[in-house]
Amino acid sequence: MGTEEAAPGEHAETGTGERGVRRRQTSGADWLPAPDPYRLLATAGVGLVVAAYVRVLHGVARVAGDPTALLAVVAAAVLAGTLFARYPSRRLAALAAGVALAGGGYAYLQSLPPEWTPAAVAVSSLGMALAFATGGSVLEVVNAGVWLLVATPVPTFLAWYLAVRGAFVRATVVAGSVLGLLVLTGDAGVATTTLGVVGALAAVGFGDIAAGADAAGVDRARRTLLMELGGVVAVTQVLTVVPDGEGEPVSVLGGPDDDTLEATLTRAGDEVTVSGSLSLSARVRFVVTADEPAYWRVGAYDRYTGRGWERTGEDRAYAGRLPAPEGPSRDLAQQVRVESELSVLPAAWKPRSVAGVDGVRVEGGDGLAPDQSLSPGDTYAVRSSVPAASPAVLRAGGGEYPGPVLEAYTQVPEGTPDRVGQRARQVTATVSAPYDAARTVEAWLAESKEYSLDVDRPEGDIADAFIFEMEAGYCTYYATAMVTMLRTLDIPARFVVGYTPGQSVGDRWVVRGLDAHAWVEVYVRGQGWVRFDPTPAAPRRRAERERLAMARERGDGGVDAAGSGGEPLELATPAPTPTPVTDDAPGGPDGESTPDADAPDFGSETPPGAPGAGEVGLDAGDGGSGTATDPGLTFEGPATGAGPGSDAGSERGSGLPSPEQVGLGAVLLAGLGAGARSTGVGERAWRAVWLRVQPRADPETDVERAYERLEYVLTRRREPRRTGETVGQYLERVGDPRARRVGALYERARYGEGVGQEEADEAVALVREVVRDS
């Protein structure tokens, strides 16, 4: 393990350091250690651990901060650590770290809203620590961008300061603690974590070699360390035991339905990760008694990470009443009976009050959740104010938004490809009102993509991949793409999860796991959040019907309730969103489109008591065709493929290895090389090739090389040549005429008149026979 050098002005000491390693004396002029390749490698190992966690935090900053500023403070911390390492007093470095931490903490507190009192900050900090320990992402931190700039420099400074002074173990502990925290939060992926572990082992191992290994043991220790590092990499490729920030989400309830669409959406907590292929659960979750169908909303997510969604902000206790929507609305009472364990409180948007549950919290985006999971047979009542603005009112909402709404709901990761915004502008080129732009994007996605639950999760940005590279997906992909496209147009939008209305049985709606769904809410000035659904309804319903039919045929339990078993699966449908108009389309004086005989007729699927076509809170995907055929929508350019200005060579997911993969591959090769050298496998393999494949040159050289191979094989497999014994004497004693002939040609080539090409070919062929027969 590494040791610390005495700094200038300190008395040079001779004693034992960590684990008995003796400290080396330094002069006052040597504030940095003498160039030692193993010490440099140990320092590089610490740097690798630092680089691993900085890479993770840089990805967080791309979503919720300024990645350039983060890299700047990291560089400043490394420079400061290098400079402070030359001073004798460790107290000075500790004081600098304390001042930086206090100053950063004060700056972070100043960035919080005024209502955040010191007591609230303390409580939130405790909650944050618990959340980190149980898998909560760094993205959930309030003002995560500022928090990163505060939290990153101090451990980076300390780790690098200790590394430069030679305290490699302590440096590794500091840097490894940060990486370990990111592993617990799930932000660090397997490859990055493995690279950090490799760096930590390298720091400790090479530090040991530099500090105490004698010359005879250095080569053996180096090979052993390289083999250990390669083994770590190899094992992680076989057994993935580190939580992966980009892995599949896990249901908080557990059980056999964890690979279902429902598990990834309605049980996802504060984070939704877009997955690959999923299945549908046919189990009944709850039954709603209400006068009309609705989307039973669970929650909303505001922060897009490029790989999924995060919900920021603090939960708050339900105080008996929630605010009404900003625009006109109508009341809708719902009585919900729970049929299987439920950790959420689905309700029509916008919920105003809830009764029958002890302990309710309001999550970000006004989603409701019980403090304790509900059990089968539990009931609760919700009263909602369903938005009911007309298309003309929504269209007149304009593009001016409150500052907080614009800041929170137009965010996209810094690395979002430009072609996403270019495609959004292309699709909406013929409309101007934000409401019409939302409807146009909704219809374009429903028309241009196929619905399928059997997909491979793409690399890189999900929205970009779905728009340009994928031909099919399910609701999570559709909603993610729509929100991202709208945000590039500076239209506030958010990702919403819950359940579609379910199966209609009289005035009740039987909602199953297969009804879990994701959709979009768009903010309209003066009206609040309005629902849109870009997922085509017909193929989604077909998949749901097939899944339910299969469950009924197998006799699965819990798939019917409230008399639904004797009814065909006729899924309830709210009325569709009104059709937008283009700027040059004919319309009435209030901006509404005039009747069109070619417009799709949604009335046949609207049950009695449902809102009329002039009301909102609706989705284009619920038309009978499942595709968007709205008049007046003009889609320029191809539905799929590269967009304007796109560069296929710059696409993410191009198949090129990531930096982590390149680094781990290099470590694995080094470990294999060291192992091959230690076991002699490499040398034996080389010798095997050398014996059987002889490169050709001129005749004399060819004969000399043939004889070298001959003597080697005879020495290893028969008997060696004795001291003072001539070539002729040795080969005569061996007794193989082929060997004697090669020896004669060798002596002629080396000491006589030389040999020709035919004789060289003969020598090479004879040695090949001897090698084959030996």
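For the structure given in this document, a descriptive report is provided here. (Residues numbered from 1 in each chain as written. Predicted model: local features only at pLDDT ≥ 70, side-chain atom pairs only at ≥ 80, totals over all residues. Heavy atoms only, no water.)

### Comments concerning the overall build of the protein chain
Helix and strand counts for the protein chain come out as 23 helices and 19 strands. Counting every position in the protein chain, which comprises 774 residues, the buried fraction comes to 50%. A separation of at least 24 residues holds for 75% of the contacts in the protein chain among residues at least 6 apart in sequence. Within the structure as shown, the protein chain displays about 33,400 Å² of accessible surface, and the carbon and sulfur contribution to it stands at 55%. (Helix = DSSP H or I, 4+ residues; strand = E, 2+ residues; numbered from the N terminus. Buried < 20%, exposed > 50% of the residue type's maximum accessible area, 1.4 Å probe, protein only. Contact = heavy atoms within 4.5 Å. Areas by Shrake-Rupley, 256 points an atom, 1.4 Å probe, with all protein chains shown as cover.)

### Some details on the sheet that holds strand β7 (residues 329–338)
With respect to topology, six strands assemble into an open sheet ordered β9-β12-β7-β2-β17-β16, the strand pairing being antiparallel. The outermost strands of the open sheet, each flanked by one partner alone, are β9 (351–355) and β16 (503–505). Each strand of the sheet is rotated relative to its neighbour by a mean of 25°, with strand direction disregarded. Looking at chain direction, strand β2 (residues 284–289) and β7 are connected through four bridges and run antiparallel. In the strand pairing of β7, threonine 289 is matched with glutamine 335. (Pairing = 2+ DSSP bridges. Axes fitted to C-alpha atoms, helices over the stretch in contact; angles between N-to-C directions.)

### Re the pattern of salt bridges
Taken as a whole and judged by the stated rule, the model has 30 salt bridges. Put simply, glutamate 544 and arginine 540 hold a salt bridge, and the shortest N to O gap is 3.1 Å. On the criterion of helical spacing, the pair formed by glutamate 544 and arginine 540 is a turn pair, its members being four residues apart in helix α17 (residues 537–554). Exposure class is identical for glutamate 544 and arginine 540. Each is buried. The salt bridge partner of arginine 554 is aspartate 556, with a shortest N-O separation of 2.7 Å. The structure contains a network of salt bridges with shared partners spanning Asp270, Arg311, Asp315, Arg361, Glu363 and Asp371. (Salt bridge = Lys/Arg side-chain N within 4 Å of Asp/Glu carboxyl O.)

### Here we look at the sheet that holds strand β11 (residues 367–370)
Where strands meet in a sheet, backbone hydrogen bonds hold them as pairs that are either parallel or antiparallel. Reading across the sheet, the three strands line up as β6-β10-β11 and stay open at both edges, with antiparallel pairing between neighbours. Because the sheet does not close on itself, it has two edges, and the strands there are β6 (316–317) and β11. Sheet topology places β6 next to strand β10 (residues 360–363); two bridges connect them, and they run antiparallel. Note on β10: the bridge partner recorded for alanine 317 is arginine 361.

### Examining a nonpolar patch on the surface
Taken together, the side chains of Tyr87, Leu92, Leu95 and Val99 make up a nonpolar region of the molecular surface, amounting to roughly 380 Å² of accessible area. Within the element layout of this structure, leucine 95 appears in helix α3 (residues 90–111). (Patch = residues over 30% accessible without salt bridge, like charges linked within 9 Å, V, L, I, M, F, W, Y side chains within 5 Å.)

### Observations concerning the nonpolar core
Among the nonpolar cores identified, the biggest contains 91 residues, and Trp296, Tyr380, Leu445, Met485 and Phe495 are the most heavily contacted of them. A total of nine residues in this core trace back to one element, the largest contributor, which is helix α16 (residues 475–488). Setting aside its immediate chain neighbours within four residues, leucine 445 contacts Phe466, Tyr478, Ala481, Met482, Met485 and Pro534. Membership of the second largest hydrophobic core comes to 53 residues, among which are Ala93, Val141, Ala159 and Ala188. (Core = buried A, V, L, I, M, F, W, Y, C linked by side-chain atoms within 4.5 Å.)

### Remarks on the side chain of threonine 410
Tracing the sequence through the fold places threonine 410 in the loop between α12 (403–409) and α13 (418–427). In terms of polar contacts, threonine 410 uses its side chain to reach the backbone carbonyl oxygen of leucine 406, at 2.3 Å. The contact partners of threonine 410, leaving out residues within four places of it in the chain, are Val405, Arg487, Asp490, Ile491 and Pro492. (Polar contact = N/O pair within 3.5 Å; in protein donor to acceptor, adjacent residues only side chain to side chain.)

### Section: the side chain of arginine 494
By the element assignment, arginine 494 lies in strand β15 (residues 493–499). Classification of arginine 494 as buried rests on a relative accessible area of 3%. In this structure the side chain of arginine 494 is engaged in a polar contact, spanning 2.8 Å, whose partner is the side chain of glutamate 521.

### Some words on the packing of aromatic side chains
Across all of its chains, the model carries 15 aromatic pairs by this definition. Ring geometry for tyrosine 474 against tyrosine 477: centres 5.1 Å apart, planes inclined by 85°, an arrangement best described as edge-to-face. For the pair tyrosine 474 and tyrosine 477, one class covers both residues: buried. With a centroid separation of 4.2 Å and an interplanar angle of 20°, the aromatic rings of tyrosine 707 and tyrosine 746 are classed as stacked. Of this pair, tyrosine 707 sits in helix α20 (residues 699–717) while tyrosine 746 is found in helix α22 (residues 737–751), placing the two residues 39 residues apart along the sequence. Under the relative-accessibility criterion, tyrosine 746 is labelled buried at 9%. (Phe/Tyr/Trp six-rings, centres within 6.5 Å; stacked < 30°, edge-to-face > 60°.)

### Side note on helix α21 (residues 727–734)
Where α21 is concerned, the buried positions are Val727, Tyr730, Leu731 and Val734. For α21, the angular spread of buried residues about the axis comes to 90°, placing them on one side. Among the structural elements, α20 and α22 are those in contact with the buried residues of α21. In the segment just after α21, glycine 735 is the residue with positive phi, at about 85°. (Arc of directions from axis to C-beta.)

Just distances and angles here, no functional claims.
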